[in-house]
Amino acid sequence: MDRTPASNADPSAASRQFRAELRRWRTRRGLTQRALADRVRFSRETVAAVESGRRFGSQEFAARCDEALATGGRLCDLWPRVAAEQLAADGRRGPRFGEETRPDAAPGGRRDPRDPQAVVAAIDELRELIGQVLAQPEPEGPPPPAADRR
C-alpha cells in the first residue's frame, strides 16, 4: 500500500481509489447500483453518490460493501485515508484563525491519529476545554424574554 505522506499526496487520491475500487468490484460481480444498495441496505442514491464522488460514504458503508462484494477487505483498508480526506474537506483540521497552537501539536496543528500520545494529548485538551466551559460563571439576572432569545 502506498505510504506517501498526506502533504505530498493528491488530497483526493484515496477517495478516487475508493470510488474506483467500489465500482470495479460492483461491476465485476455483475451488480447494478440498485442491486448493491439492496444488499448493503443503503439507498441507490447513496451508492451512486459515493461512486461519483458527491459523498464520502461511511466506514459502515465500506464494511457492508466489502462483505456484499467479497473484496477481501479492500474498501475497509482504504477507509482510514478516505476518512482523513473527509475531515480535511469538512475544514476540521488544524487550528481555526486566531487560535494558538499547542507546543505539543504536530506542525500545522494536526496530530497523527495513529499515535497513542497524540490521542492522549487530544483527550487532555478536550478535557481542559470542557473544564473551561463548565467553569464559566452563570449569567446574572433573569433570562431574557423568549422574544429576545435568538
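Residues numbered from 1 in each chain as written. Predicted model: local features only at pLDDT ≥ 70, side-chain atom pairs only at ≥ 80, totals over all residues. Heavy atoms only, no water.

**Some remarks on the environment of Gln17**
The test is simple: In DSSP terms, a helix is any run of H or I states spanning at least four residues, a strand is any run of E spanning at least two, and both are numbered starting from the N terminus. Exposed residues in this analysis have more than 50% of their type's maximum accessible area, buried residues have under 20%, and partly exposed residues fall in between, with area computed by a 1.4 Å probe over protein chains only. Note on contacts: a residue pair is in contact if any heavy atoms of the two residues lie within 4.5 Å.
Structurally, Gln17 is set in helix 1 (residues 13-28). Residue Gln17 is classed as partly exposed on the basis of its relative accessible area of 29%. Separated by 61 residues in sequence, Gln17 and Leu78 place their C-alpha atoms 8.0 Å apart. Gln17 has contacts with Arg74, Leu78 and Arg81, leaving out every residue within four places of it along the chain.

**Looking at unusual backbone geometry**
In this structure, Arg41 is a non-glycine residue whose phi angle is positive, near 60°. Take Arg41: it is sitting in the loop between helix 2 (33-40) and helix 3 (44-52). Exposure remark for Arg41: the relative accessible area of 62% places this residue in the exposed category.

**Some words on a nonpolar patch on the surface**
Rule in force here: The residues that make up patches have over 30% relative accessible area and no salt bridge, and they are joined within 9 Å when like-charged or within 5 Å when they are Val, Leu, Ile, Met, Phe, Trp or Tyr. Note that accessible areas follow from Shrake-Rupley with a 1.4 Å probe, and for residues the cover is restricted to the protein chains shown. A pairing counts as a salt bridge when a side-chain nitrogen of Lys or Arg comes within 4 Å of a carboxyl oxygen of Asp or Glu.
Nonpolar side chains collect at one region of the surface, where Leu126, Ile130 and Leu134 lie side by side and expose about 320 Å² of accessible area between them. Checked against the element boundaries, Ile130 lands in helix 6 (residues 116-135).

**Focus: the packing of aromatic side chains**
Put simply, the test is: Only rings of Phe, Tyr and Trp enter the pairing, Trp through its six-membered ring, and a pair is recorded when the two centres are within 6.5 Å. The plane angle decides the type: under 30 degrees is stacked, over 60 is edge-to-face, the rest tilted.
Summed over all chains, the structure comprises 2 aromatic pairs. Both rings, one in Phe18 and one in Trp79, keep their centres 5.8 Å apart while their planes meet at 65°; by these two values the pair is edge-to-face. Residue Phe18 is located in helix 1, and its partner Trp79 is located in helix 5 (residues 74-89); the two are separated by 61 residues in the primary sequence. Judged by its relative accessible area of 7%, Trp79 falls in the buried class. Considering the side-chain rings of Phe42 and Phe61, the 5.2 Å spacing of their centres and the 85° angle between planes classify their relative orientation as edge-to-face. Of this pair, Phe42 sits in the loop between helix 2 and helix 3 while Phe61 is found in helix 4 (residues 59-69), placing the two residues 19 residues apart along the sequence. With a relative accessible area of 23%, Phe42 lands in the partly exposed category.

So far we have only geometry, and geometry alone does not tell us how the molecule works.
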